[in-house]
Amino acid sequence: MELQELARDVYACLQPDRGLGTSNSGLLDRGGGLVVDTFWDLPHTLRLIETYARVWKAPARRVVNTHHNGDHCWGNQLFPQAEVIGHRLCAAAFGREKPALLQAIRNDAASEDPAVAALARLLADWDFTGIEPRAPTTLFDDRLELDLGGMAVHLLHVGPAHTAGDVIVHLPAARVVFAGDVLFRRCTPIGWDGTYDRWIAALDEIVALAPAVIVPGHGPLCGVEGPREMQAYLRYVRAEATRFFAAGVPALEAARRIDLGPYAGWTEPERILFQVERAYRELRGESFDAPIDVMALFRGMHTLREARGRGA
Ligand SMILES: [Zn+2]
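Calculation notes
- Throughout, a residue's number is its position along its own chain's written sequence, starting from 1.
- For this predicted model, a pLDDT threshold of at least 70 governs which residues receive local features, and a threshold of 80 or more governs which side-chain atom pairs are given and counted, while totals over whole chains, interfaces and linings are taken from all residues.
- As a convention, hydrogens and water are excluded, and side-chain values are obtained from all of the structure's heavy atoms.
- Buried Ala, Val, Leu, Ile, Met, Phe, Trp, Tyr and Cys residues form a nonpolar core when they are joined through side-chain atoms within 4.5 Å.
- Burial here depends on accessible area, computed with a 1.4 Å probe over protein chains only, as a share of the maximum for the residue type. Under 20% is buried, over 50% is exposed, and the range in between is partly exposed.
- Every helix listed is a DSSP run of H or I at least four residues long, and every strand listed is a run of E at least two residues long, numbered separately from the N terminus.
- A contact between two residues is defined here by any heavy atoms of the two lying within 4.5 Å.
- For helices, the fitted axis covers only the stretch in contact; all axes are lines through C-alpha atoms, and the angles between them, taken along N-to-C directions, range from 0 to 180 degrees.
- Orientation categories follow fixed angle ranges, with anything under 35 degrees roughly parallel, anything over 145 roughly antiparallel, 65 to 115 roughly perpendicular, and all other angles oblique.
- Note on convention: near helix rotated counterclockwise from far helix by under a right angle means a left-handed crossing. Clockwise means right-handed.
- Residue classes follow a fixed rule: Ala, Val, Leu, Ile, Met, Phe, Trp, Tyr, Cys and Pro count as nonpolar, while Asp, Glu, Lys and Arg count as charged, and any other residue, Gly among them, counts as polar.
- Here, a salt bridge means any side-chain nitrogen of Lys or Arg that lies within 4 Å of a carboxyl oxygen of Asp or Glu.
- With water omitted from the atoms examined, metal sites may look incomplete; donors here are N, O and S atoms no farther than 2.8 Å from the metal, or 3.2 Å in the case of Na, K and Ca.
- Note on geometry labels: four donors, all angles 85 to 135 degrees, give tetrahedral; four donors become square planar and six octahedral when opposite donors are over 155 degrees apart and every other angle is between 65 and 115; remaining cases are irregular.

S.K.: Talk me through the nonpolar core; I want residue IDs and the actual numbers.
M.R.: Among the nonpolar cores identified, the biggest contains 59 residues, and Leu-123 and Val-276 are the most heavily contacted of them. Broken down by secondary-structure element, the contributors of at least two residues to this core are helix H3 (99-106), helix H4 (114-122), strand E11 (176-184), helix H5 (196-208), helix H6 (225-246), helix H7 (251-257), helix H8 (272-283) and helix H9 (294-309). The contact partners of Leu-123, leaving out residues within four places of it in the chain, are Leu-20, Trp-40, Leu-102, Ile-105, Arg-106 and Phe-128. Val-10, Leu-34, Val-169 and Val-176 belong to the second-largest nonpolar core, a separate cluster that totals 22 residues.

S.K.: How would you explain the environment of Leu-148 if you had to name every residue and give the values?
M.R.: Inspection of the secondary structure puts Leu-148 in strand E8 (residues 143-148). For the pair Leu-148 and Gly-31, spaced 117 residues apart in sequence, the C-alpha to C-alpha distance is 4.3 Å. Other than its neighbours up to four places away in sequence, Leu-148 contacts Leu-28, Arg-30, Gly-31, Leu-34, Arg-62 and Val-153.

S.K.: Describe the packing of H5 against H6, naming the residues involved and giving the relevant values.
M.R.: Packing of H5 against H6 brings their axes to within 9 Å, and their N-to-C directions diverge by 165°. Considering their axes alone, H5 and H6 lie roughly antiparallel with respect to each other. Considering how the two elements wind past one another, H5 and H6 form a crossing that is left-handed. In this structure, H5 contributes Tyr-196, Asp-197, Trp-199, Ile-200, Leu-203, Asp-204, Ile-206 and Val-207 to the contact, and H6 contributes Pro-227, Arg-228, Met-230, Gln-231, Leu-234, Arg-235, Val-237 and Arg-238. Split by residue class, the contact of H5 with H6 holds 10 nonpolar, one polar and five charged.

S.K.: I'd like a description of the pattern of salt bridges, backed by residues and values.
M.R.: Per the counting criterion, the structure on display carries 17 salt bridges. For Arg-18, the salt bridge goes to Asp-125, with nearest N and O atoms at 3.3 Å. Taken together, the positions of Arg-18 in the loop between strand E2 (10-14) and strand E3 (25-28) and Asp-125 in the loop between H4 and strand E7 (138-140) put the pair 107 residues apart, joining distant regions of the chain. Across the pair Glu-270 and Arg-305 runs a salt bridge, and its minimum N-O distance is 3.0 Å. Of this pair, Glu-270 sits in the loop between H7 and H8 while Arg-305 sits in helix H9, and the two are 35 residues apart along the sequence. A relative accessible area of 22% means that Arg-305 is categorised as partly exposed. Each of the salt bridges in this network shares a partner with another, and the network as a whole consists of Glu-253, Arg-256 and Arg-257.

S.K.: Can you tell me about the coordination of the zinc ion, naming the residues and giving the values?
M.R.: A four-donor tetrahedral metal ideally has 109.5 degree angles, and a six-donor octahedral metal ideally has angles of 90 or 180 degrees. Looking at the metal site, the zinc ion is ligated by Asp-71 (OD), His-72 (NE2), Asp-181 (OD) and His-218 (NE2), spaced 2.0 to 2.2 Å from it. Here the zinc ion binds four donor atoms, and the angle range of 86 to 161° at the metal identifies the geometry as irregular. The motif formed by the donor residues of the zinc ion, counted along the single chain, is D-H-x108-D-x36-H. You can see Asp-181 sitting in strand E11 and its partner His-218 sitting in strand E12 (residues 213-218), a full 37 residues away along the chain. When its relative accessible area of 2% is taken as the criterion, Asp-181 is described as buried. Judged by relative accessible area, which is 5%, His-218 ranks as buried.

Spelled out as structure tokens, the structure:
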């Protein structure tokens, strides 16, 4: 993982995008310190802390979670003294993902179910043992403004886009935005609770802040071209999915047939299945937080990967 100084007392810790779980984090090293997102497991979060310890004098006294997915908050317990801040809906969703379940899948590389065995291989770098999810206890609804030793920090709720409780962190003076998983950069987005319209609007909100640097939840740093390209992707996939839906094509088949064009080079292109499913849910009139059969989608993504491997 790599530490980048973005402005005075403002840092990003970037994990190279190697697929599932390789998220980014931020450090505001002023006024007691604030960390934006921890990592997916304890070993990676320990390395994050070692990385930040190169610049901070003492561990940060605040942690902000941009949303509830484990790859942004399962290291929270390694900041035992910190106030943990998040959106009310982020805290409410905290128990949904279970470290023990992921660890069981990770250990099941010999599974007879090829989709489970493939998922186990994707999780091989992670160790979900010992995680005790620690939810935010300082909660807000629309926005929360902090003053870190003279540095204004704005926490803005922009969900339901990637999840219901999506928060971005804006530093107006430094012109930096930590976007959490509202923005994936050069990797295919995956979305949970939310709608296309809200996600596109959330990306508009990031562009409207006119940031010089955006730290995406996954992938490399970018400027406003990042959210613009992701908007174009979402619009394209929604339009294609709408066409296939009208023709009665099942979601998995639609995901296989959509021509990815310029997006074929983004990592994990098979995640398009999540976006097609979201479009289909919306076209069926289901609510933004209708339950998702996650294992079925991961099975479908495995099928797409295999089909691509065969050149089908
Ligand atoms: Zn993530």
